[in-house]
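Here's the letter readout for the chains.
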Amino acid sequence: MMDESTELSVSITQIVQRLKGTHLHSQLEKQAKECMHKPEIKLETLKDDVRRLLKESGWERKLQNAVYRELHILPPPGHPRAPPEHAKEPLEYMRKAQVSWEKRILKSLNSMCSELGIPLARKRPVSEQKELTNKWNEMGTDEPDLSKFRPVYAPKDFLEVLIGLRNLNNDRSEDLTVRSNWGLIQVSLNVRDIPQMRETYPELGLTYGQLGIDDHTHVPPDLFESEHIVIGKKVVNEQDSAAAQQYSRQGCPTGLRAQLWTLILNTTDDPEVITHYEQLKARVIHHGLLVDNLIYKDVKLTASNDDYYFVFEDYLYQVLLCFSRDTAVLEHFNYNSATPPKSCVQSKSGSEQCAVVYPPNGVIPFHGFSMYVAPLCFLYNEPSKLYSVFREMYIRYFFRLHSISSHPSGIVSLCLQFERLLQTHLPQLFYHLREIGAQPLRIAFKWIVRAFSGYLSTDQLLLLWDRILGYGSLEIVAVLAAAVFAFRAENLMEVTSLASAEAVLADLSTLKVMPLLQIFLFATSV
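Calculation criteria
- Residues numbered from 1 in each chain as written.
- Predicted model: local features only at pLDDT ≥ 70, side-chain atom pairs only at ≥ 80, totals over all residues.
- Heavy atoms only, no water.
- Core = buried A, V, L, I, M, F, W, Y, C linked by side-chain atoms within 4.5 Å.
- Buried < 20%, exposed > 50% of the residue type's maximum accessible area, 1.4 Å probe, protein only.
- Helix = DSSP H or I, 4+ residues; strand = E, 2+ residues; numbered from the N terminus.
- Contact = heavy atoms within 4.5 Å.
- Expected span 1.5 Å × (residues − 1).
- Axes fitted to C-alpha atoms, helices over the stretch in contact; angles between N-to-C directions.
- Left-handed = near helix turned anticlockwise from the far one by under 90°.
- Nonpolar A, V, L, I, M, F, W, Y, C, P; charged D, E, K, R; others polar.
- Lys, Arg positive; Asp, Glu negative; His and termini not counted.
- Salt bridge = Lys/Arg side-chain N within 4 Å of Asp/Glu carboxyl O.
- Phe/Tyr/Trp six-rings, centres within 6.5 Å; stacked < 30°, edge-to-face > 60°.
- Polar contact = N/O pair within 3.5 Å; in protein donor to acceptor, adjacent residues only side chain to side chain.

### Some details on the nonpolar core
Argument step 1. By size, the foremost hydrophobic cluster in this structure holds 150 residues, and its most contacted members are Phe-390, Trp-447 and Phe-485.
Argument step 2. The element contributing the most residues to this core is helix α22 (residues 475-487), with ten residues.
Argument step 3. Sequence-distant contacts of Trp-447, that is, excluding residues within four places in its chain, are made with Phe-452, Tyr-455, Ala-481, Val-484, Phe-485, Leu-505 and Leu-508.

The following block contains the structure:
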């Protein structure tokens, strides 16, 4: 392991390298040069004067926010002698499982391509380009025949892969307790227990004010909310990403949430953001992809049938079609255990086949993928803004929900944590459900893999996502899943089959997220 000073030095070098060549870097250089011509700049205090002017003009804060973003995205520096694949995933059995899963997904996509006789990519005829341009804002009115298309995979297929994970280097008798074998996840990873989580999430404590809670605190809700809004406005005015992240741990007021999330994620309104979106839109109009049909099908099967999200169908098509063409997304594979899939498409001459990343962003959509975007439509009605926020959410958090890794916010850790919480604090319930063939994870997995999108009411989901952003972690999703079981424990103890257990947990739309989390984390005896 590196010592602290070496690790810091490596991180600084990485961040400087990543920021060089960015639009922010060129703008800072331009501003610094302009400062040089100002009369108040003195040669003997040049460095300090330029710094002061950059601070006064807001550029220092923009740089701080950019560095803060990089710190959240970059993995911690590994050992200098560690092979490069360790930066993506340190455990070999996880890497092998991910590679195997990727091959399976790509095989499914290629076989669909062959069966249907549809190319992976094609240039649209001019007439089709014009038609798509004209109906860009009303794609939801289209009713293409999607009956032949099927999702490449569904969450339940992915769960079966996770259930089959094994670490062959582990001596099961030594490392796994009897209780661990009750669950479906049979690998050993470090996940936090409730006492550790109380230290990690102190702001969720019973004595703290929270948006999304009507009582249970020592602060009257109305008084807390009005004071919280005043502080929120100050945070927005300061344009400080770190302050916005800390603030969102107690919830974001509805009127400020869009601005606060933008600030936390450091997504800007700069002209190049809009230009980039327009370029992606042009790529969609000029070329059709096979995955476009998978996107259409997914939106039709999920968001279009949802009482909250059906009105955003057009936005979902726009964002997801552009997302599939965005090669900037490929950068996240530097710290994602996954590798972008490659497939053979015809070269420009049409005479030979060549392997290219497909789709261009390296992400093959699965059943339910559009639900990562749908809740954001309540916050942003400008497509370029909606797009940039979703992309940042994806490359920070959502990709971890469908790739196999040992990361604490990865899907394997979340599943294991969910099972451990139930086994430790509701052992009778866990054992009962297991005995009747209703393993809790089989019910909860669909909630976890979507971060509860499409299951909670939108206002409650956004309160949950406030905390994901506030703590920079998906761990809270696993905790909520366990808290839901705890809340319905009495009814679940009476069920006699998987179907009846699913019926008890079928409708989560009336649940209040924050009371459930607070009670489970801070009122559970340990």
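### Looking at helix α14 (residues 271-286)
Argument step 1. Compared with an ideal rise of 1.5 Å per residue, which puts 16 residues at 22 Å, α14 spans 23 Å between its outermost C-alpha atoms and is within 8% of the ideal.
Argument step 2. For α14, the elements touching its buried residues are α7 (126-134), β2 (287-289), α16 (313-324) and α17 (383-396).

### Focus: the packing of helix α8 (residues 155-163) against helix α20 (residues 440-449)
Argument step 1. One can describe the packing of α8 onto α20 by two numbers: an axis separation of 10 Å at closest approach and a directional angle of 115°. For α8 against α20, the interelement crossing comes out right-handed. Facing α8, whose interface residues are Pro-155, Phe-158, Leu-159, Glu-160, Leu-162 and Ile-163, α20 presents Leu-441, Arg-442, Phe-445 and Val-449.
Argument step 2. When its residues are assigned to classes, the contact of α8 with α20 shows eight nonpolar, no polar and two charged.

### Quick notes on the side chain of Asp-306
Argument step 1. Among the secondary structure elements, Asp-306 is positioned in the loop between α15 (290-301) and α16.
Argument step 2. Here Asp-306 occupies a buried position and makes no salt bridge, while the nearest side chain of opposite charge, Arg-450, is found at 6.2 Å.
Argument step 3. Here Asp-306 is in contact with Met-371 and Gly-454, once residues within four sequence places are set aside.

### Topic: the environment of Leu-330
Argument step 1. In this structure, Leu-330 sits in the loop between α16 and β3 (342-346).
Argument step 2. Residue classification places Leu-330 among the partly exposed positions, given a relative accessible area of 25%.
Argument step 3. When the C-alpha positions of Leu-330 and Asn-361 are compared, they lie 5.6 Å apart, and in sequence the two are 31 residues distant.
Argument step 4. If we ignore the near neighbours within four places in the chain, the residues touching Leu-330 are Pro-340, Val-357, Pro-360, Asn-361 and Gly-362.

### Here's the deal with the packing of aromatic side chains
Argument step 1. Summed over the entire model, instances satisfying the criterion amount to 28 aromatic pairs.
Argument step 2. Centre to centre, the rings of Phe-369 and Phe-390 are 6.5 Å apart; their planes meet at 90°, and the pair counts as edge-to-face. Here Phe-369 is found in the loop between β4 (353-357) and α17, whereas its partner Phe-390 is found in helix α17, with 21 residues between them in sequence.
Argument step 3. You can call Phe-390 buried: its relative accessible area is 0%.

### Notes on the environment of Ser-405
Argument step 1. Of note, Ser-405 is situated in the loop between α17 and α18 (411-425).
Argument step 2. C-alpha separation for the pair Ser-405 and Lys-88, spaced 317 residues apart in sequence, amounts to 8.6 Å.
Argument step 3. Among residues more than four places away in sequence, those in contact with Ser-405 are Glu-89, Met-94, Ser-337, Gly-410 and Val-412.
Argument step 4. Within the structure, the side chain of Ser-405 is placed 3.3 Å from the backbone nitrogen of His-407, a separation counted as a polar contact.

### What about unusual backbone geometry?
Argument step 1. With omega at -10°, the peptide bond leading from Tyr-358 into Pro-359 counts as cis.
Argument step 2. You can see Pro-359 is positioned in the loop between β4 and α17.
Argument step 3. Of note in this structure, Asn-266 is not a glycine but carries a positive phi near 55°.
Argument step 4. The topology assignment puts Asn-266 in the loop between α13 (254-265) and α14.
Argument step 5. A positive phi is found at Ala-451, a non-glycine position, where the angle reads about 55°.
Argument step 6. In this fold, Ala-451 is placed in the loop between α20 and α21 (458-471).
Argument step 7. Judged by relative accessible area, Ala-451 falls into the buried class, the value being 0%.

### Remarks on the side chain of Ser-343
Argument step 1. Checked against the element boundaries, Ser-343 lands in strand β3.
Argument step 2. Side chain to side chain, Ser-343 and Asn-110 meet in a polar contact 2.9 Å long.
Argument step 3. If we skip the residues at most four places from it in the chain, Ser-343 touches Leu-106, Asn-110, Leu-120, Cys-354, Ala-355, Val-356 and Tyr-358.

### Considerations on α8
Argument step 1. Turning to α8, its buried residues number three or more, namely Pro-155, Phe-158, Leu-159, Val-161, Leu-162 and Ile-163.
Argument step 2. Among the structural elements, α6 (92-116), α18 and α20 are those in contact with the buried residues of α8.

Any link to function would need more than the numbers given here.
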